[in-house]
There are 6 protein chains.
Amino acid sequence: MKGVYFLISTLAILASATFLVSASDPSPLQDFCVALNDTKSAEAVFVNGKFCKDPKLANANDFFFSGLQNPRNTQNPLGSNVTAVNVDNLLGLNTLGISLARIDFAPNGLNPPHTHPRATEILVVLEGTLYVGSSHPTGDVFVFPIGLIHFQLNVGKVNAVAFAGLSSQNPGVITIAKAVFGSQPPINPDVLAKAFQVDDNVVDYLQKQFWYDNN
Amino acid sequence: MKGVYFLISTLAILASATFLVSASDPSPLQDFCVALNDTKSAEAVFVNGKFCKDPKLANANDFFFSGLQNPRNTQNPLGSNVTAVNVDNLLGLNTLGISLARIDFAPNGLNPPHTHPRATEILVVLEGTLYVGSSHPTGDVFVFPIGLIHFQLNVGKVNAVAFAGLSSQNPGVITIAKAVFGSQPPINPDVLAKAFQVDDNVVDYLQKQFWYDNN
Amino acid sequence: MKGVYFLISTLAILASATFLVSASDPSPLQDFCVALNDTKSAEAVFVNGKFCKDPKLANANDFFFSGLQNPRNTQNPLGSNVTAVNVDNLLGLNTLGISLARIDFAPNGLNPPHTHPRATEILVVLEGTLYVGSSHPTGDVFVFPIGLIHFQLNVGKVNAVAFAGLSSQNPGVITIAKAVFGSQPPINPDVLAKAFQVDDNVVDYLQKQFWYDNN
Amino acid sequence: MKGVYFLISTLAILASATFLVSASDPSPLQDFCVALNDTKSAEAVFVNGKFCKDPKLANANDFFFSGLQNPRNTQNPLGSNVTAVNVDNLLGLNTLGISLARIDFAPNGLNPPHTHPRATEILVVLEGTLYVGSSHPTGDVFVFPIGLIHFQLNVGKVNAVAFAGLSSQNPGVITIAKAVFGSQPPINPDVLAKAFQVDDNVVDYLQKQFWYDNN
Amino acid sequence: MKGVYFLISTLAILASATFLVSASDPSPLQDFCVALNDTKSAEAVFVNGKFCKDPKLANANDFFFSGLQNPRNTQNPLGSNVTAVNVDNLLGLNTLGISLARIDFAPNGLNPPHTHPRATEILVVLEGTLYVGSSHPTGDVFVFPIGLIHFQLNVGKVNAVAFAGLSSQNPGVITIAKAVFGSQPPINPDVLAKAFQVDDNVVDYLQKQFWYDNN
Amino acid sequence: MKGVYFLISTLAILASATFLVSASDPSPLQDFCVALNDTKSAEAVFVNGKFCKDPKLANANDFFFSGLQNPRNTQNPLGSNVTAVNVDNLLGLNTLGISLARIDFAPNGLNPPHTHPRATEILVVLEGTLYVGSSHPTGDVFVFPIGLIHFQLNVGKVNAVAFAGLSSQNPGVITIAKAVFGSQPPINPDVLAKAFQVDDNVVDYLQKQFWYDNN
């Protein structure tokens, strides 16, 4: 139902249950507040962000993550793969207002137009050449302000790799095409036909596609 | 005791147990965080704001409210009626930093001098003519900055209706006259006599009145 | 260039020069800080938000606005009209973190899918029946969390009118279809063809349309 | 005009031109940002907070203040004297979100009911015994939450002295009695008569008094 | 382990379990939110800040503290004693973004170089003369911006007393020397030898000292 | 003078004049607010953050940066080199609350103990093996909470490279050893001797060293 209501795809909804922060995340109220897995919170009670474990039980393991150096599989319809390191898999990030992502691209791989409702993104290209909408493919650091639609396309002949810092422990993501045409239950076709200036059978065709989401 | 301590009227105190946000509400840490009724929170434990239900259980009903189109009864000592739609009766507002109110006025109806400790108010007059302290009754949108005392008086011959947006999920309200003269237990009369430059029997008279509050 | 870079339509860009706040707007640092018109700021220098006039020169006129009671013309391709009252036309809103909008709908009028990058919206329907994506057209108050895509469609036989409170002095708006297919210069068609799973001539057709924006 | 509009007394208005912060002041964006005197800002242009001097010109003098150890004169109608150390007289406080006040009380001296629209106050009594509305005069530290009405009365036989920390570089102050009955131009007497349940000649009498304000 | 990981001394860690706020503390979401003792929170579950008690059970006692007027014992290696009044011992401070400290100094007493990771400090000297790093010992109010290293030395011949307001309900404290040389388990000596330009036996000597902490 | 007053090294002071944000940076008030060079601001007037250029003049160049892919020279006393990409050299970051850094390490290269007063850091190791204080050198992503002391040591036999995201447009940096022993003018040796439990000639020796700072 939410899928329709806010045009978030089902996958994004599940994400919303596990991702957790904001554009200007509320400041920490203690040195650290290591997140507990939601499953730990009794009877499905949540808070804004995440519950924290007893600080006396926190340890170094709560503050590191392994394996981001490894390339990801990009054999999918988009030819890209986003690996997020956020409060959901690096519990020590809770209350700290930042997260990270690794993005792998095959040649012609696309990270499709999307927004982060709760974070600005600063992206650094480590390998390859990305087209981010400007005519300046030579840059290797790009800024995407909070809430604005952006994408990256690998215009090089080889794989590309980028890392992104995001100003939230849970940036969230709205993949435009999937949110609009792939939400379940589907949006009233009249809305989409009028908004996108296409006739109903185009909308019908689009609503029947499989909308892969690499986020 | 709090009634005296901070000069909040009893009614305002009850409100404080159910109203829930701030001038610059902390940002959301997820797409939404539908409030649980306090009664749901085990053993009277609360958080800053409200606990949230499992996002997987959220549905469209959590994000809408019905009946604000209907006029309210203004047959009371003030001749006005404030209907608040905030996190307490529209649970989806939790963590989102905004709320709404409908205000109905009979002719000569008054929304008495009050402050919102945690919100700025922007008010739009739909019907009738309100006097808000300035000599410009012709305007139909007014701004009341956070924490400043304001009021509205229906100076027209017919009923008036206004809607107000407030920059908090729980603006709170301090009705000045009631907070000062109607708090329970009463404030030391010497304080009021000196502060208001009246003698003790005026204070005594005022402290014995019934202080109706439309909020 | 920005038009492409962040997929903001030209119109949205101009808006960004005059609209001015945020999801969790920074708190005010004084009782009020009435905005100066940008033209007042010497040599095109801006700040986060707006410069303020001397508080000694502020007057009641800075805090009210007239004419929102009047119906708007909805004779346009979308059959809807959004009238925003924000820091740009109600200067007293500067630093106060809230704004307002009136939305008029003709029968079948659509406020197309869009997001507010810096505000949550609470909408109250005054007349008519709006479809907002859920199967509950009977509600008259709806919440749209910050950054999430939403729309309203008038499914009644008569005009509809709604007022919306937004948790920012400058919510901003990204109209999805126009931002994706109507940005100038146009986005690389390969990006859109791959993202929306249509072939290049559909993208070419869409990029040649006129994208009306009621915001 | 503002005096009426928001029921701020004239004196408070002047204060608003020089006092400068918030309940949850926006965070600093550099190590320090020493305020410039408003007179320094060309053509009466202001910002949210204060302009800062070149950090290269900042020096230790910008971060200290002298003379708060000295008792203040309490020979005035209220028998109290509030000495504020805020961004206006300790320029280094700009952007740092805190300020300080010294309050001197003669026997029976009163700091009358007031609110701080942008700060919570924590008060420590150094000498004497203050009545703050509760029946516990033995405490020597008290908390007054942001926006709530509070006061202090010296119930001892000797002078009392207190220091208060406030969570803003410019807490602001609304002295209730003066804001309601002493604003210029005066509030419509009908509003006050109805709100305070007194007849018009009581209102007329009160509006003719001199309203001393120790803030 | 954390002791090493972030170079917080063990004592500071324990503090982090009980101290609770931030540079720009998230704003309150209700009139007050009196903290519950952590022991009250079931199964070692915490939140950002503290859980609150039922507001209906709040009383004046939750908002005051007694005994800060009394001098403290300064017979310790540093000759100083910091008495903090924060959310841990004045539960009503929860969500309100401010706290207080009393600092007693013996002649030559030192409050050693430290930082507050979550608060700016404004300090007022009540008795004696403190050297705070500048050449202006005559001031009696000093500001220490958030996160910057500062100290106070009693350069007078008698005891000194100061009060400090801090812009957080839990400022936190990092005592530099102890965090660097006294953390348990110890930091790799090579790191300290290289960072402080001393040879390993100096580091070894320092790591074997007892690091008294008055915070 | 500030150098002493807050124990910031001279170099850090200069940085403070050009670096510009915060732990929980104030939210943006428009889609973007590209920073102007300080030299642009008339008569050394600054604001919290940076002035912005006319948004109509903003272009894609304001939002990207080139050259971070290139290795840096690590031939210096610490064997490390920090390359910051923040609001000072990527002007589009202004108001957006995030920045980035590349850190190159020679074998045994050290990024010495330091704090960021306004940002949490999330660090990803791209090449080599860093020791960050824990006994877990195998991780490749580490979190350093705002205001806490941290360091990185290259314990591998080859060069190491890491990228760090920081939750501020201007994290700031306090390099502990330099701030304590290298500030100009020097701190009173008695303070350092007592705080670090060493005799005056050790302090004298340390204060005479050259304190290289790679930040």
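Procedures and definitions
Numbering of residues starts from 1 in each chain and follows the order in which that chain's sequence is written. Chains and ligands are labelled by the order in which they are written, letters from A for the one and numbers from 1 for the other. Under the rules for a predicted model, residues below a pLDDT of 70 receive no local features and side-chain atom pairs below 80 are neither given nor counted, while totals for whole chains, interfaces and linings still include all residues. By convention in this description, side-chain values take in all heavy atoms of the structure and omit both hydrogens and water. Helix and strand definitions here come from DSSP, where helices need a minimum of 4 consecutive H or I residues and strands a minimum of 2 consecutive E residues; each element is numbered from the N-terminal end. Only protein chains enter the accessibility calculation, which uses a 1.4 Å probe. A residue is then buried if its area is under 20% of the maximum for its type, exposed if over 50%, and partly exposed in between. By definition in these notes, contact holds between two residues if any of their heavy atoms fall within 4.5 Å. Note on areas: Shrake-Rupley with a 1.4 Å probe; residue coverage comes only from the protein chains shown. Buried area counts how much accessible surface, traced with a 1.4 Å probe, disappears from two parts once they are put together, with both parts' losses summed. Just to be clear on terms, a salt bridge is a Lys or Arg side-chain nitrogen sitting within 4 Å of an Asp or Glu carboxyl oxygen. We treat two strands as partners when DSSP finds at least two bridges between them. What counts as an axis is a line fitted to C-alpha atoms, over the stretch in contact for a helix, and the angles between N-to-C directions run from 0 to 180 degrees. The labels follow the angle: roughly parallel below 35 degrees, roughly antiparallel above 145, roughly perpendicular from 65 to 115, and oblique for the rest. Crossing handedness: left-handed means the near helix sits turned counterclockwise from the far one by under a right angle, and right-handed means the same turn made clockwise. Just so you know the grouping, Ala, Val, Leu, Ile, Met, Phe, Trp, Tyr, Cys and Pro go in nonpolar, Asp, Glu, Lys and Arg go in charged, and all remaining residues, Gly too, go in polar. Note that domain bounds follow an automatic or database assignment of domains. Throughout, disulfides are identified as pairs of cysteine sulfur atoms within 2.5 Å of each other. Two aromatic rings from Phe, Tyr or Trp, using only the six-membered ring of Trp, form a pair when their centres are within 6.5 Å; if the ring planes differ by under 30 degrees the pair is stacked, by over 60 it is edge-to-face, and anything between is tilted. Contacts described as polar in this section are N or O atom pairs within 3.5 Å, which, within protein, must combine one atom able to donate a hydrogen with one able to accept it, while residues neighboring in sequence count only if both atoms come from side chains. Residues reaching a pLDDT of at least 70 in both copies supply the C-alpha atoms on which the copies are superposed by least squares.

Turning our attention to the overall build of chain A. Within chain A one finds 5 helices and 12 strands. For chain A, with 215 residues in total, the buried portion stands at 72%. Pairs at least 24 apart in sequence give 73% of the contacts found in chain A among residues at least 6 apart. Surface exposure of chain A reaches about 6,400 Å², of which carbon and sulfur atoms provide 55%.

Quick look at the interface of chain B and chain D now. If you look at the interface, chain B gives 49 residues, while chain D gives 49 residues. Summing both sides of the interface, chain B and chain D together bury roughly 4,200 Å²; the carbon and sulfur share of this comes to 71%. Summed over the shared surface of chain B and chain D, the result is 0 salt bridges. Going through the elements one at a time, α1 (2–5), β6 (110–115), β9 (141–144), β10 (150–154), α3 (176–181), α4 (189–196) and α5 (200–208) of chain B are the ones with two or more residues in the side of chain B that touches chain D.

Residues and elements named next belong to chain F. Burial analysis of strand β10 (residues 150–154) places 5 of its 5 residues in the buried class, the great majority of the element. Burial along β10 is two-sided: His150, Gln152 and Asn154 facing one way and Phe151 and Leu153 facing the other are all buried. Pairing between strand β6 (residues 110–115) and β10: 3 bridges, direction antiparallel. The partner of Asn111 across the bridge, within β10, is Gln152.

Another point: the sheet that holds β6 of chain B. One open sheet accounts for 4 strands, arranged β8-β10-β6-β12 (chain B); its pairing is antiparallel. Either end of the sheet is taken by a strand with one partner, and the two such strands are β8 (130–131) and β12 (174–175) of chain B. Both β6 of chain B and β12 of chain B contribute to a ladder of 2 bridges, which runs antiparallel. Note on β12 of chain B: the bridge partner recorded for His114 of chain B is Thr175 of chain B. Each of β6, β8 and β10 of chain B is contacted by helix α4 (residues 189–196) of chain D, which is oriented at about 80 degrees to β6 of chain B, the strand it contacts most.

So, on to the sheet that holds strand β6 (residues 110–115) of chain C. Strand order in this open sheet of 4 strands is β8-β10-β6-β12 (chain C), and the pairing throughout is antiparallel. Two strands in the sheet have a free side with no partner beyond their single neighbour: β8 (130–131) and β12 (174–175) of chain C. Bridge analysis of β8 of chain C against strand β10 (residues 150–154) of chain C gives 2 bridges, and the strand direction is antiparallel. When the sheet's bridge partners are listed, Tyr131 of chain C is paired in β10 of chain C with Leu153 of chain C. Of the strands in this sheet, β6, β8 and β10 of chain C are in contact with helix α4 (residues 189–196) of chain A, which crosses β6 of chain C at around 80 degrees.

Before going further, it helps to spend a moment on the environment of Asn70 of chain B. Counting through the fold element by element, Asn70 of chain B comes out in the loop between β3 (64–65) and β4 (80–85). Relative accessible area serves as the criterion here: at 43%, Asn70 of chain B is assigned to the partly exposed category.

Turning next to the packing of α4 of chain D against helix α5 (residues 200–208) of chain D. Residue and element names in this part refer to chain D. Where α4 meets α5, the axes come as close as 9 Å, and the angle between the chain directions of the two elements is 115 degrees. By the angle between their directions, the pair α4 and α5 is classed as roughly perpendicular. Seen from above, α4 lies across α5 with right-handed handedness. Contacts from Pro189, Asp190, Leu192 and Ala193 in α4 reach Asp200, Val203 and Gln207 in α5. Split into classes, the residues belonging to the contact of α4 with α5 amount to 4 nonpolar, 1 polar and 2 charged.

Attention now goes to the pattern of salt bridges. Enumeration over the complete set of coordinates arrives at 36 salt bridges over all chains. Between Arg118 of chain A and Asp31 of chain B there is a salt bridge whose closest N-O contact spans 2.5 Å. On the criterion of chain membership, the pair formed by Arg118 of chain A in the loop between β6 (110–115) and β7 (121–127) and Asp31 of chain B in the loop between α2 (10–18) and β1 (45–46) is interchain, its members lying in two chains. Relative accessible area serves as the criterion here: at 6%, Asp31 of chain B is assigned to the buried category.

Within strand β5 (residues 99–105) of chain A, 7 of the 7 residues are buried, leaving the element largely enclosed by the surrounding structure. What you see with β5 of chain A is no split at all: Ser99, Ala101, Ile103 and Phe105 of chain A on one side and Leu100, Arg102 and Asp104 of chain A on the other are buried throughout.

Below, the discussion takes up the domain arrangement of chain A. Domain boundaries assigned for chain A yield domain 1 (61–172) and domain 2 (177–208). Computed from C-alpha coordinates alone, the two centres of domain 1 of chain A and domain 2 of chain A are separated by 28 Å.

Residue and element names in this part refer to chain A. As enumerated under the stated definition, the model contains 6 disulfides over all chains in all. The disulfide that involves Cys33 links it to Cys52, with 1.6 Å between the sulfurs. Note that Cys33 is positioned in the loop between α2 (10–18) and β1 (45–46) and Cys52 in strand β2 (residues 52–53), a separation of 19 residues in sequence. Considered together, Cys33 and Cys52 belong to a single accessibility category, that of buried residues.

Take the packing of aromatic side chains next. Under the defined criterion, the tally for this structure stands at 42 aromatic pairs over all chains. Taken together through their ring pairs, the aromatic side chains of Phe181, Phe196 and Trp211 of chain A together with Phe181, Phe196 and Trp211 of chain C make up a single cluster.

Right, let's get into unusual backbone geometry. Here the bond from Gln184 of chain B into Pro185 of chain B is cis, since omega is -10 degrees, no more than 30 degrees from zero. Counting through the fold element by element, Pro185 of chain B comes out in the loop between α3 and α4. Of note in the backbone geometry, Thr95 of chain E takes a positive phi value of approximately 75 degrees without being a glycine. Looking at where Thr95 of chain E falls in the secondary structure, it is placed in the loop between β4 (80–85) and β5 (99–105).

Residues and elements named next belong to chain F. Topologically, Asn111 is positioned in strand β6. Taking the C-alpha atoms as reference points, Asn111 and Thr175, separated by 64 residues in sequence, lie 9.4 Å from one another. What Asn111 contacts, discounting residues up to four positions off in sequence, is Ser80, Val82, Ile103, Phe105, Phe151, Gln152, Asn214 and Asn215. A polar side-chain atom of Asn111 sits 3.4 Å from a polar atom in the side chain of Asn214.

Let us now look at the environment of Ser27 of chain F. Residue and element names in this part refer to chain F. Residue placement: Ser27 occurs in the loop between α2 (10–18) and β1 (45–46). Classification of Ser27 as buried rests on a relative accessible area of 3%. The spacing of Ser27 and Ile122 is 95 residues in sequence and 20 Å in space, taken between C-alpha atoms.

Moving on, we get to the relation of the copies chain B and chain D. The two copies are related by a screw motion: chain B maps onto chain D through a turn of 180 degrees and a shift of 0.0 Å along the axis, at an RMSD of 0.0 Å. The superposition operator between the copies reduces to a two-fold rotation axis. For chain B, the smallest separation between a C-alpha atom and the rotation axis is recorded for Gly147 of chain B, amounting to 3.0 Å. Same-surface contact between copies: 100% of interface residues of chain B are shared with the interface of chain D.

When we look at burial in α4 of chain B, the residues that qualify are Val191, Leu192, Ala193, Ala195 and Phe196 of chain B. Where α4 of chain B starts, the residue carrying a side-chain oxygen 2.8 Å from the main-chain nitrogen of Asp190 of chain B turns out to be Asn188 of chain B.

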